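Structural overview
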Amino acid sequence: MNLQDTAEKRKAIIEFCAKAGQIIGQEAIGMLEKEEAWESILEGISEPIVRPEKVASLIAGRETKLVNVEREAVVTKGRQKGLAKDCDPDYRIMKEYDITGQSTSEGKVKDFLTYFRDKYDFLSSLLQHRQGFSPKSPEKLKGLKKYEQVDLAGMVIERWVSKAGNITIELETPESKFLAIVSKDDLALTREAERILVDDVVGIKGKKFTDEMVIVQSIIWPDMSQRPPKLSERDLSVCLVSDTHVGSKLFMEKEFTRFLSWINGDTASEKEAERLGKIKYLVVAGDNVDGVGVYPEQYDELAIRDIYAQYGKFCELIGQVPEHIEVFIIPGQHDAVRRADPQPAIPGEFVKGLEGRGNVHFVGSPSWVEIEGLKCLIYHGGSFHDMYAATKHLSVKEPQNAMIELLRRRDISTGFGLNQPYVPEKRDFMVIREEPDFYFGGDMHHKGYSHYRGCTVANAGCWQERTNFQIREGHVPTPGIALDISLKTRRITENNFKGEVGNA
Ligand SMILES: [Fe+2]
Ligand SMILES: [Fe+2]
């Protein structure tokens, strides 16, 4: 073999691996270029990194005809038969709902006024369109007789329990304020009223009590309309992961690498290979790195103590996702953007390692992406914490219920001034302006999913072992699980990479 042949073979090997999304080093190339059947040897490697040890074992296997022992358990990477690999993606990043590049807030009083007004106008207009509900101005109470029926709507200023034990809610409209009283004897209504948070915009069906007070008979949420789930035409699916916390000593690199290998087609099961072949989209829902200085004792808990190095590693991992899969990555509180919602996309300077990867998209939190004609809301989930703190009926083990609560409010922010900070942008990026088909989240380190009024809500688990903080809080996370969700059937499958690989 002359030098020209060798150079061409090297080039062909590198191109072959690049096409399959594999990384290959000099040592492995050196071994392969001596082999006539280098192509079929590479076909036997499903991992995203072509290791020289693996090449050596396959070469040895070929010579002794034992290769089948090794190869039975793998479906060759890059040889997925499914539709996903052979079709063009169909997506649109809905930039109109993404704060990235659109932040104008100076945090002045006028910003707060514009923000609250925008939120009130949108949410109250949803209430006005509800059938059987026509809210009047609270001023109209003056013209009504005592106990006459009335519909009102307003933004919640405060909620408290009166001395008599009744829940009392103070609400305001741009014109005036009113009080809504929930009788403690009505247990179902009391439970519903306990869900109300400061800054919620709700409708009240009730009876006039005084010129400024009504007795509540029912509470109306802006909510989603009742509708059947919209399904995609093509038989494709989306995979959801979150909270990798790369850089933490507790980042589960082994399990995440298994996941990467799997999404590259490495599975022993025919059925799973078929499902894998349909994955065309991957959503990564925030807390991608652990960050530096996010909480006081964090420094000692970091395996990588430099934020750029953390992202370097993260990019190295995400870079192994096959290029035929479109990846949408949002930030979380641990990422290198402002902690306050709405969070803009992670700036390019941190993720240079993915520069030029046209299939990887960094977007804000919240953000919206239309995938195969279906609208997906993606939000990391900082405001969940306030929901749990303010309401009695939610459990961190069922994050899907907190997500549904936010859908009912058509607002993913919770009361201003609570734990989760957010910036009063002139346009409220936190209200849910359209009815999403999917709502993806993370943050709770606990998986959970459900369907609500045509919307599939899915919260990813995490790729970080249980932290000291979670031990103190008694929270048991569900790490090492990737969800894949069919866009055509809405079927959700858990893929467990902790312990034995396979479905949970
Ligand atoms: Fe997290
Ligand atoms: Fe988080």
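The structure this text deals with has already been given above.
Summarised in this report is the structure supplied together with it. Everything numeric in this text was worked out from a predicted model, so none of it was measured. (Residues numbered from 1 in each chain as written. Chains lettered and ligands numbered in written order. Predicted model: local features only at pLDDT ≥ 70, side-chain atom pairs only at ≥ 80, totals over all residues. Heavy atoms only, no water.)

With that out of the way, let us pick up the nonpolar core. Within the largest apolar cluster, 32 residues are counted, with the highest numbers of intra-cluster contacts made by Phe-259, Leu-282 and Ile-318. The leading source of residues in this core is helix α11 (residues 307-318), at 6 residues. If we ignore the near neighbours within four places in the chain, the residues touching Phe-259 are Cys-239, Val-241, Leu-282, Trp-463, Ala-482 and Phe-497. Cys-87, Ala-460, Ile-481 and Leu-483 belong to the second largest nonpolar core, which has 25 residues in total. (Core = buried A, V, L, I, M, F, W, Y, C linked by side-chain atoms within 4.5 Å. Buried < 20%, exposed > 50% of the residue type's maximum accessible area, 1.4 Å probe, protein only. Helix = DSSP H or I, 4+ residues; strand = E, 2+ residues; numbered from the N terminus. Contact = heavy atoms within 4.5 Å.)

With that settled, consider the coordination of the iron ion (ligand 2). At 2.0 to 2.2 Å from the iron ion (ligand 2) lie its protein donor atoms, namely Asp-287 (OD), Gln-333 (OE1), His-380 (NE2) and Asp-443 (OD). With 4 donor atoms in place around the iron ion (ligand 2) and angles of 85 to 145 degrees between them, the coordination shape is irregular. Between the donor residues of the iron ion (ligand 2), the gaps in sequence give the motif D-x45-Q-x46-H-x62-D. The distance between the iron ion (ligand 2) and the iron ion (ligand 1) comes to 3.5 Å, with Asp-287 serving as a donor to both metals. Placement of Gln-333 in the loop between β11 (326-329) and β12 (360-362) and of Asp-443 in the loop between β15 (438-441) and β16 (448-452) is noted, with a sequence separation of 110 residues between them. The exposure class assigned to Gln-333 is buried, which follows from its relative accessible area of 12%. (Donors = N, O, S within 2.8 Å, 3.2 Å for Na, K, Ca; no water. Tetrahedral: all angles 85-135°; square planar, octahedral: opposite > 155°, others 65-115°.)

Below, the discussion takes up the pairing of strand β17 (residues 455-459). Buried residues dominate β17, accounting for 5 of its 5 residues. Every second residue of β17 is oriented toward a common face, with Cys-455, Val-457 and Asn-459 on one face and Thr-456 and Ala-458 on the other, all of them buried. Strand direction decides the pairing type here: β15 and β17, joined by 4 bridges, are parallel. Paired with Phe-438 across the strands is Thr-456, a residue of β17. Where β16 lies against β17, 5 bridges are found, and the strand directions are antiparallel. (Pairing = 2+ DSSP bridges.)

Here we take up the sheet that holds strand β5 (residues 167-172). Taking strand neighbours around the barrel as the criterion, the 5 strands line up as β4-β5-β6-β8-β7 in a closed arrangement whose pairing is mixed. In this sheet, adjacent strand axes meet at a mean angle of 55 degrees when their direction is disregarded. Note that strand β6 (residues 177-182) and strand β8 (residues 213-220) share 3 bridges and pair parallel. Counterpart to Ala-180 in the pairing with β8 is Val-214. (Axes fitted to C-alpha atoms, helices over the stretch in contact; angles between N-to-C directions.)

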